[in-house]
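# Close look at the chain arrangement
Residues per chain, in single letters:
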Amino acid sequence: MPEERPFLTEASPQGEDNAAAAPPALFDLAVNRAWAALRGLRPSDPAAALAGGFLAGWHARTRFARRVPLDAVRAAIQQHPGGGEWHWAKGPDGGWKAGKAPFP
């Protein structure tokens, strides 16, 4: 049995794209959890955190998120209005809504 556990592997371009369409609720969950992970970093420059490898690593380690293309998650996060409590809703064609997400 290999010593290296799969969830600790580095992100790779092969795992960043997914041809299958994710259900809207899964897309919402991926975007909201990715935003929470980025927010938890408290970066001084959120754009730098997005461009860096953190989000790709999070995507590679998060099993459900791998069903949503990383570029789509990045694009949604870049639209975040900033300040206050916001959550993504309505799948890939949705947007940021004021308030907390209905589920974590």
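### Observations regarding the packing of aromatic side chains
Scanning the entire structure with this criterion turns up four aromatic pairs. With 5.5 Å between their ring centres and 85° between their planes, Trp 88 and Trp 96 make a pair best called edge-to-face. Ring pairs connect the aromatic residues Phe 27, Trp 35, Trp 88 and Trp 96, which therefore count as one cluster.

### Quick look at the environment of Pro 24
Tracing the sequence through the fold places Pro 24 in helix 1 (residues 24-41). Pro 24 gets classed as partly exposed once you look at its relative accessible area, which sits at 46%. Taking the C-alpha atoms as reference points, Pro 24 and Val 68, 44 residues apart in sequence, are found 9.9 Å from one another. The residues contacting Pro 24, other than those within four sequence positions of it, are Lys 90, Gly 91 and Pro 92.

### Here we look at helix 1
An ideal rise of 1.5 Å per residue puts 26 Å on 18 residues; helix 1 measures up with 26 Å between its terminal C-alpha atoms. Among the residues of helix 1, Leu 26, Phe 27, Asp 28, Leu 29, Ala 30, Val 31, Asn 32, Ala 34, Trp 35, Ala 37 and Leu 38 are the ones counted as buried.

### Some details on the layout of surface pockets
Of the voids in this model, the largest pocket is the one considered here, and its volume is about 200 Å³. The wall of the largest pocket is formed by twelve residues, among which Asn 32, Ala 36, Arg 39, Glu 85 and Ala 101 lie closest to the centre. Counting residues per element, the ones that place at least two in the lining of the largest pocket are helix 1 and strand 1 (86-89). The element that contributes the greatest number of residues to the lining of the largest pocket is helix 1, accounting for five residues. The residue inventory of the lining of the largest pocket, partitioned by class, reads six nonpolar, two polar and four charged.

### A short note on unusual backbone geometry
Although it is not a glycine, Lys 90 sits at a positive phi angle of roughly 80°. Of note, Lys 90 is situated in the loop between strand 1 and strand 2 (95-98). Under the relative-accessibility criterion, Lys 90 is labelled exposed at 65%.

### A word on the side chain of His 80
Within the secondary structure, His 80 is located in the loop between helix 4 (70-78) and strand 1. You can call His 80 buried: its relative accessible area is 13%. A polar contact is formed between the side chain of His 80 and the side chain of Trp 35, at a distance of 3.5 Å. In this view, His 80 contacts Trp 35, Trp 86 and Trp 96; residues no more than four positions away in its chain are not counted.

### Some thoughts on the packing of helix 1 against helix 4
Each packed pair of helices is defined by two parameters, the angle between the axes and the distance between the axes. With their axes 10 Å apart at the nearest point, helix 1 and helix 4 run at an angle of 65° to one another. Helix 4 is crossed by helix 1, and the crossing has right-handed handedness. On helix 4, the residues touching Phe 27, Ala 30, Val 31, Ala 34, Trp 35 and Leu 38 of helix 1 are Ala 72, Val 73, Ala 76 and Ile 77. Across the contact of helix 1 with helix 4, the residue classes tally to ten nonpolar, no polar and no charged.

Conventions we followed
- Residues numbered from 1 in each chain as written.
- Predicted model: local features only at pLDDT ≥ 70, side-chain atom pairs only at ≥ 80, totals over all residues.
- Heavy atoms only, no water.
- Phe/Tyr/Trp six-rings, centres within 6.5 Å; stacked < 30°, edge-to-face > 60°.
- Helix = DSSP H or I, 4+ residues; strand = E, 2+ residues; numbered from the N terminus.
- Buried < 20%, exposed > 50% of the residue type's maximum accessible area, 1.4 Å probe, protein only.
- Contact = heavy atoms within 4.5 Å.
- Expected span 1.5 Å × (residues − 1).
- 1 Å grid on protein atoms, 1.4 Å probe; cavity = no way out; pocket = protein on both sides within 12 Å on 5 of 7 lines; lining within 4 Å.
- Points joined across faces, edges and corners; volume = space filled by probe spheres on them.
- Nonpolar A, V, L, I, M, F, W, Y, C, P; charged D, E, K, R; others polar.
- Polar contact = N/O pair within 3.5 Å; in protein donor to acceptor, adjacent residues only side chain to side chain.
- Axes fitted to C-alpha atoms, helices over the stretch in contact; angles between N-to-C directions.
- Left-handed = near helix turned anticlockwise from the far one by under 90°.

Such coordinate-based values are descriptive only and should not be taken to indicate function.
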